[in-house]
Amino acid sequence: MPALSLRLPEELDRRLGDEARLEELPRSEVVRIAIVDYLERRERERFMAELVGEARTAYSDETIRRTALEMAEEGMALSNEALDISEGRKADVSNSANPTEKWWK
């Protein structure tokens, strides 16, 4: 495993030592965990920024935006229909041989 040497301000070094004692871990392990957390967070942030950029680009295209809205409206209608059926507000149109049998059994 490669080694890394770094200089820390005294306050940060004290906090690192305190955390290592609290967690009962070597200081190097606390630093490794912090680096992994930082890198994973940065990767997520970059991914989300890319996703938002793609969404903005797509949303600015009228054809894509219209298609997405139509899909969302269709999905909402199906979701509402399923909710109505499950809550007994609408007749169940399933092919169940026994209409009193619960669908989740």
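Residues numbered from 1 in each chain as written. Predicted model: local features only at pLDDT ≥ 70, side-chain atom pairs only at ≥ 80, totals over all residues. Heavy atoms only, no water.

1. Quick look at the packing of aromatic side chains
Put simply, the rule reads: Aromatic pairing here means that ring centres of Phe, Tyr or Trp (its six-membered ring) are within 6.5 Å. Orientation follows from the plane angle: under 30 degrees is stacked, over 60 is edge-to-face, and everything else is tilted. Sitting over a ring, as applied to charges here, requires NZ of Lys or CZ of Arg to be within 6 Å of the ring centre and within 35 degrees of the ring normal.
Tallied over the full model, the rule gives zero aromatic pairs. Just above the ring of Tyr59 sits the side chain of Arg65; from NZ or CZ to the centre is 4.9 Å.

2. Observations concerning the layout of surface pockets
In plain terms, the rule: Cavities and pockets are defined on a 1 Å grid built over the protein atoms alone: a cavity is a set of grid points where a 1.4 Å probe fits but cannot escape, while a pocket is an open set with protein on both sides within 12 Å along at least five of seven lines, and lining residues are those with an atom within 4 Å of any such point. Grid points are joined across faces, edges and corners, and a volume is the space filled by probe spheres set on the points. Gly is placed with the polar residues, together with every amino acid not listed as nonpolar (Ala, Val, Leu, Ile, Met, Phe, Trp, Tyr, Cys and Pro) or charged (Asp, Glu, Lys and Arg).
Approximately 280 Å³ is the volume found for the second largest pocket. What lines the second largest pocket is simply Leu4, Leu6, Leu8, Leu12, Arg15, Leu16, Glu19, Val30, Val31, Ala34 and Ile35. A class-by-class count of the residues in the lining of the second largest pocket yields nine nonpolar, no polar and two charged.

3. Observations concerning a nonpolar patch on the surface
Where we set the bar: Residues enter patches when they are more than 30% accessible in relative terms and free of salt bridges; like-charged ones are connected within 9 Å and nonpolar ones (Val, Leu, Ile, Met, Phe, Trp, Tyr) within 5 Å. Throughout, the Shrake-Rupley method with a 1.4 Å probe supplies accessible areas, and for residues the shown protein chains are the sole cover considered. Any Lys or Arg side-chain nitrogen located within 4 Å of an Asp or Glu carboxyl oxygen qualifies as a salt bridge. By definition, any uninterrupted DSSP run of H or I lasting at least four residues is a helix, any uninterrupted run of E lasting at least two residues is a strand, and each is numbered from the N terminus. The cut-offs for exposure are 20% and 50% of the maximum accessible area for each residue type, with area from a 1.4 Å probe on protein chains only; residues under the lower value are buried, those over the upper are exposed, and the others partly exposed.
Taken together, the side chains of Leu4, Leu6, Leu8, Leu12, Ile35, Tyr38 and Leu39 make up a nonpolar region of the molecular surface, amounting to roughly 640 Å² of accessible area. Structurally, Leu4 is set in the segment before α1 (10-23). Its relative accessible area of 65% is what places Leu4 among the exposed residues.

4. Looking at the packing of α1 against helix α2 (residues 27-60)
The criterion, for reference: In this analysis, axes come from line fits to C-alpha atoms, helices being fitted only over the stretch in contact, and the angle between any two N-to-C directions falls in the range 0 to 180 degrees. Note that the term roughly parallel is reserved for angles under 35 degrees, roughly antiparallel for angles over 145, roughly perpendicular for angles of 65 to 115, and oblique for everything else. Any pair of residues with heavy atoms lying within 4.5 Å of one another is described as a contacting pair.
Where α1 contacts α2, the axes come no closer than 9 Å and their chain directions differ by 100°. Classified by the angle between their axes, α1 and α2 sit roughly perpendicular to one another. From α1, Asp13, Leu16, Gly17, Glu19 and Ala20 reach across to α2, where they touch Arg27, Val30 and Val31. Of the residues that constitute the contact of α1 with α2, the class distribution is four nonpolar, one polar and three charged.

5. What about the pattern of salt bridges?
Applying the stated rule across the entire model yields nine salt bridges. Linking Glu11 and Arg14 is a salt bridge whose minimum nitrogen-to-oxygen distance equals 2.5 Å. Of this pair, Glu11 and Arg14 are both found in helix α1, three residues apart, which corresponds to roughly one turn of the helix. The class for Glu11 is partly exposed, based on a relative accessible area of 45%. Relative accessible area serves as the criterion here: at 42%, Arg14 is assigned to the partly exposed category. Bridged by salt links that share partners, the residues Glu11, Arg14, Asp18 and Arg21 form one connected network.

6. Describing helix α3 (residues 62-86)
The test is simple: To estimate the expected span of a helix, count its residues, drop one, and scale the result by 1.5 Å.
In this model α3 runs 36 Å from its N-terminal to its C-terminal C-alpha over 25 residues, within 8% of the 36 Å that 1.5 Å per residue would give. Phi turns positive one or two residues past the end of α3, at Gly88, with a value near 75°.

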